[in-house]
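Examining the three-dimensional arrangement
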Amino acid sequence: MSRDKNLSCTIASDDIEKLKNQIQTSDIIFFHGGDTQKLQKKLEWIENLEKLLDGKIVAGSSAGTLIFSEYYYENDNDSYHKGLGFFTLKMICHWNGQQ
């Protein structure tokens, strides 16, 4: 691996076109946790998001992983939601065996 690579971190833009450009020009994308439905609604505005992410390293935590599943469960309000459907699986994050 070349040590001449530049690594930079950019905070996602609230502007959809700028965010789309950030995704297009990035090799690695991390979706953080937070408000799952708010994040999903924002990403639903990006046309062909799945195609834009193709070939990139995509990682996430909490809400940043839930949104990509077909369906997900939110512990905070004990509810089920339809995700973006990139993965044909159902996700439960922060599972507590006593629930």
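Predicted model only: the values in this text are computed from it and were never measured.

Parameters at a glance
- Residues numbered from 1 in each chain as written.
- Predicted model: local features only at pLDDT ≥ 70, side-chain atom pairs only at ≥ 80, totals over all residues.
- Heavy atoms only, no water.
- Buried < 20%, exposed > 50% of the residue type's maximum accessible area, 1.4 Å probe, protein only.
- Helix = DSSP H or I, 4+ residues; strand = E, 2+ residues; numbered from the N terminus.
- Pairing = 2+ DSSP bridges.
- Contact = heavy atoms within 4.5 Å.
- Axes fitted to C-alpha atoms, helices over the stretch in contact; angles between N-to-C directions.
- Arc of directions from axis to C-beta.
- Polar contact = N/O pair within 3.5 Å; in protein donor to acceptor, adjacent residues only side chain to side chain.
- Phe/Tyr/Trp six-rings, centres within 6.5 Å; stacked < 30°, edge-to-face > 60°.

Side-chain alternation along strand S4 (residues 79-82) places Ser-79 and His-81 on a buried face and Tyr-80 and Lys-82 on a face that remains uncovered. Hairpin remark: strand S3 (residues 69-74) followed by S4, antiparallel, with four residues in the connecting loop; positive phi at Asp-78, about 50 degrees.

Time to look at the side chain of Gln-40. Following the sequence through the fold, Gln-40 ends up in helix H2 (residues 36-44). When neighbours within four sequence positions are excluded, Gln-40 is seen to be in contact with Ile-67, Tyr-72, Lys-82, Gly-83 and Leu-84.

To continue, consider the sheet that holds S3. Strand order in the open sheet made by the three strands is S4-S3-S5, with mixed pairing throughout. Strands at the two margins of the open sheet, each flanked by one partner only, are S4 and strand S5 (87-92). Within this sheet the neighbouring strands show an average axis-to-axis angle of 15 degrees, counted without direction. Looking at chain direction, S3 and S4 are connected through four bridges and run antiparallel. The partner of Glu-74 across the bridge, within S4, is Ser-79. Against the sheet, H2 engages S3 and S4, with an angle of about 155 degrees to S3.

Let's shift gears to helix H1 (residues 16-24). Three or more residues of H1 are buried, namely Leu-19, Gln-22 and Ile-23. Buried residues of H1 fall within an arc of 100 degrees about the axis and therefore sit on the same side. In H1, the exposed positions that point more than 90 degrees away from the buried face belong to Glu-17 and Lys-18. Contact partners of the buried residues in H1: strand S1 (28-31), H2 and helix H3 (49-53). Two to three positions downstream of the cap, the backbone nitrogen of Glu-17 sits 3.2 Å from a side-chain oxygen, assigning the N-cap of H1 to Asp-15.

In this structure, Ser-62 takes a positive phi of about 50 degrees despite not being glycine. Judged by its relative accessible area of 21%, Ser-62 falls in the partly exposed class. A positive phi is found at Asp-78, a non-glycine position, where the angle reads about 50 degrees. Structurally, Asp-78 can be placed in the loop between S3 and S4.

Let us look at the packing of aromatic side chains. As enumerated under the stated definition, the model contains three aromatic pairs in all. Summarising the aromatic geometry, the rings of Phe-31 and Phe-68 are spaced 5.1 Å apart at their centres and angled 65 degrees between planes, so their arrangement reads as edge-to-face. Here Phe-31, found in strand S1, pairs with Phe-68, found in the loop between helix H4 (63-66) and S3; they are 37 residues apart in sequence, far enough to count as distant. For Phe-68, a relative accessible area of 5% translates into the label buried. Aromatic rings pair up to connect Phe-31, Phe-68 and Phe-86 into one cluster.

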